[in-house]
Amino acid sequence: ADVAGPCYCRLLEGAIREWGNGGKVGEGGAEDMYETLFPVDTERLGGPWKLLAHRFYAGVRELPVLYGRPSMLDRSPGAEGRWITPAASVVLAQDDEGEGSDSDVLVRVLRAEGLPLATFERGGLRRTLVERGACRTTATPQYVRGHFRAKATVVVVVGGGGGKGKGKGGALDIPSERRRFAEYLLRYCSSDLTPPQFSAELAGCNFLPLADNALGTIRSVPSVDDEVLSQLGSMGFTTLGFYDALLESGGDVDAAVEALFAKKYDGGPNSAPPPSAPASQEEGPRPRMYLLCSGDGARILSGRGADGTFVNLDDVDDAIARSVLERMGGGDGLGSPSLNLLTLTPDTLMDAVETVLPKEWRSPSSGAVPWTPRAGDVSGEADGSESKEEKGALPDASEAGATAPPSEEWFAHLWQYMLSCDDPSACLASASASGHIVVPTSQGVACKLSPDSAVVNPSELDAGLMEALECMGVRTLMPGMLTEDVAAPRELWKYVHTCDRDGVIRAVDAAMRRRASERKGGTEGGGGGGGGGNAPFEGVPDAARQCLYDFLRDGSNGKLSEQSRRLLLHFPIFRSHLDACKAGTKFVAPIQSRAWYALEGARSPDPIDQAVMSSEFLAYDSPAELDFLASVVASLKRLNRARFYRRFVLPQMGDLDEHTRGSVAERILLDASSLCASDPTFRDALVATRFVPSACGGGKGG
């Protein structure tokens, strides 16, 4: 065996050279035949044959007798592989299952990486080489992820996750295969790990398939106390922005906070602060947090300069890779993620929205910005424009941000997400607290989510009322934000006013307060409980006031809360009679006077009644309307005719013109019996009043 073993090794080496046509391979020579010269299944051998096999495999360990096929990166005609020694080779951890299998993908990846991979057609040869110790390196998940961590390649791609780096090209540099390989590697390299091990074992691997076709690098995230995050949030900093700064500062919390404040006072968005020590281009892209999302969550970020900041699960074809990403994005909860991948949740939604809104849309002091609805996603690309890879790198969304206003379709995706997520209440509360512009309206503006924005749901309002409300400064939510397939959560109506009487009243009140504030040079909102009389209604047509009044007095349009009744007192939509015996009415706000009267059974329009009524009397057209007035104006005194004549008409009889005085006297005399019956004191008041014309031109009492 000591003689035969080395001889057989030299024989094998010589045969490979001979079959290879003088060392040239790739023409149906040694690379297709050499495997037949290797003894396999040697564990069944006995006696001298077993010893001979041992000597043989020990002898070939350092001889170039294994064939490595060319990489798919080498596209030159007649590309050749290479002969490698078993000691330097890498072999699969299990037998190759052939083209199209998982092992075939791994083979293609390792070859593209330039590794000395040896694969075999002959069954049992790989296992024998490993068992005999000739091949010592197997492509286990641990080996593969170690290779990519050590290589630390920065992939030459476009978007937020890429950039040009030092490492040489490899499997993840092949545009047509990049995502497929990354998904496979993510699955394969995590197959022997539990989620708690991801942070230590996958950090440094650029396996995150970003939405812009770039690959993000997985990084560990230091643990941070919830109290720190809470304090930063109270100061207006986003969770996403803080973790970006933390990664860039190398895990130094103090340096991250300092960077956040520096960025804030420099006037830039805090969602992506600059690193304390900016990396050069040769060092690759800066470390950052990535969001994990799908569906409407992904559509919120897509096409607005932020495609390099998130992973769209809908684009991940490998089901197991999707599951791995979901576990990676879970972390220990929002307070302490272990990796730089954070699942989009109601708590992080506004962090994401901030990165895609134009700068002037992020918490503006005005609470609203001009906006013209237009369909389609706004990505800055016209149809038929160059692809991302053709036109080169996009600007980092965190630095350049989105410059074009969002489209109507973008708003629809945002609202669909907010209303259908696991916790709509938290989502809406976060959107409101952020102050960002997230509410599209039909009035040419978009505004923040707040009851002070005076936005009403128009779903059941008729066109006339909507036109009237618009005259008063009320805005209507853009159609399409509320869909039939998603039930609007109750919490929504804290911010968007309902289309019933209570909702319309609150919306008008908010609009009145906004107008009053604008007159004083303030911003939207401010104050509460009434808009300050007629001033905010200046310029509102009488027809619009009447339309609103008619809606509010109709009991079928919903109940009236006590708060709504109090607010209504400030609305100059009620009608009072005119003074000085003038016919007609004017619009008033009941809050303007402490005493109001209404004549029961008033004939409307009745020139005689109008001639003797003062501006203290509210006008109405029906008993139902009088009941409505009484329910709103607590100080309203309802007078029957006897009390009306006794208190308001008889004392002024001498001041009335002759025609009016005669008409009133005639009516009193005709109804005297019923008037006296309804008010025992009326007869005495009538007797004491001089209103019946006498022959000498004066008057006498009854």
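Calculation criteria
Residues numbered from 1 in each chain as written. Predicted model: local features only at pLDDT ≥ 70, side-chain atom pairs only at ≥ 80, totals over all residues. Heavy atoms only, no water. Buried < 20%, exposed > 50% of the residue type's maximum accessible area, 1.4 Å probe, protein only. Helix = DSSP H or I, 4+ residues; strand = E, 2+ residues; numbered from the N terminus. Arc of directions from axis to C-beta. Contact = heavy atoms within 4.5 Å. Phe/Tyr/Trp six-rings, centres within 6.5 Å; stacked < 30°, edge-to-face > 60°. Lys NZ or Arg CZ within 6 Å of the ring centre and 35° of its normal. Pairing = 2+ DSSP bridges. Axes fitted to C-alpha atoms, helices over the stretch in contact; angles between N-to-C directions.

### Overview of helix 21 (residues 542-552)
- Within helix 21, burial applies to Ala544, Arg545, Leu548, Tyr549, Phe551 and Leu552. Along the axis of helix 21, the buried positions cluster into a sector of 160 degrees, meaning they face one direction only. Facing away from the buried surface of helix 21 by more than 90 degrees, the exposed residues are Asp542 and Ala543.
- Elements in contact with the buried residues of helix 21: helix 19 (463-471), helix 20 (501-519), helix 22 (562-568), strand 15 (574-577), strand 16 (585-588) and helix 24 (623-632).

### Quick notes on the packing of aromatic side chains
- Enumeration over the complete set of coordinates arrives at 23 aromatic pairs.
- Centre to centre, the rings of Phe574 and Phe628 are 6.4 Å apart; their planes meet at 10 degrees, and the pair counts as stacked. Remark: Phe628 occurs in helix 24 and Phe574 occurs in strand 15; sequence separation between them is 54 residues. The burial state of Phe574 is the same as that of Phe628; both residues are buried.
- For the ring pair Phe617 and Phe644, a centre distance of 5.4 Å and an interplane angle of 80 degrees mean the geometry is edge-to-face. Here Phe617 is found in the loop between helix 23 (607-612) and helix 24, whereas its partner Phe644 is found in helix 25 (residues 641-649), with 27 residues between them in sequence. Assigned by exposure class, Phe617 and Phe644 land together as buried.
- When the ring centre of Trp410 is taken as origin, the NZ or CZ atom of Arg304, which lies over that ring, is 6.0 Å away.

### Describing the environment of Lys359
- For Lys359, the location among the structural elements is in the loop between helix 14 (349-356) and strand 10 (368-370).
- For Lys359, a relative accessible area of 52% corresponds to the exposed category.

### Thoughts on the sheet that holds strand 9 (residues 341-343)
- Read from one edge to the other, the open sheet built from three strands follows the order 8-7-9, with strand pairing classed as parallel. In this open sheet, the two strands that pair with only one neighbour each are strand 8 (310-312) and strand 9. Sheet twist, expressed as the mean angle between neighbouring strand axes with direction ignored, is 30 degrees.
- Lying on the sheet, helix 13 (residues 319-330) is in contact with strand 7 (290-293), strand 8 and strand 9; it crosses strand 9 at an angle near 90 degrees.

### Some remarks on the sheet that holds strand 12 (residues 445-448)
- Here three strands make up an open sheet; going across it, the order is 10-12-11 and the pairing antiparallel. Two strands in the sheet have a free side with no partner beyond their single neighbour: strand 10 and strand 11 (437-440). Each strand axis lies, on average, 35 degrees off the axis of its neighbour in the sheet, ignoring direction.
- In the sheet, strand 10 pairs with strand 12 via three bridges, with the strands oriented antiparallel. Opposite Ala368, over in strand 12, you have Cys447 as the bridge partner.
- Helix 17 (residues 408-420) contacts strand 11 and strand 12 of the sheet and is inclined by roughly 105 degrees relative to strand 11.

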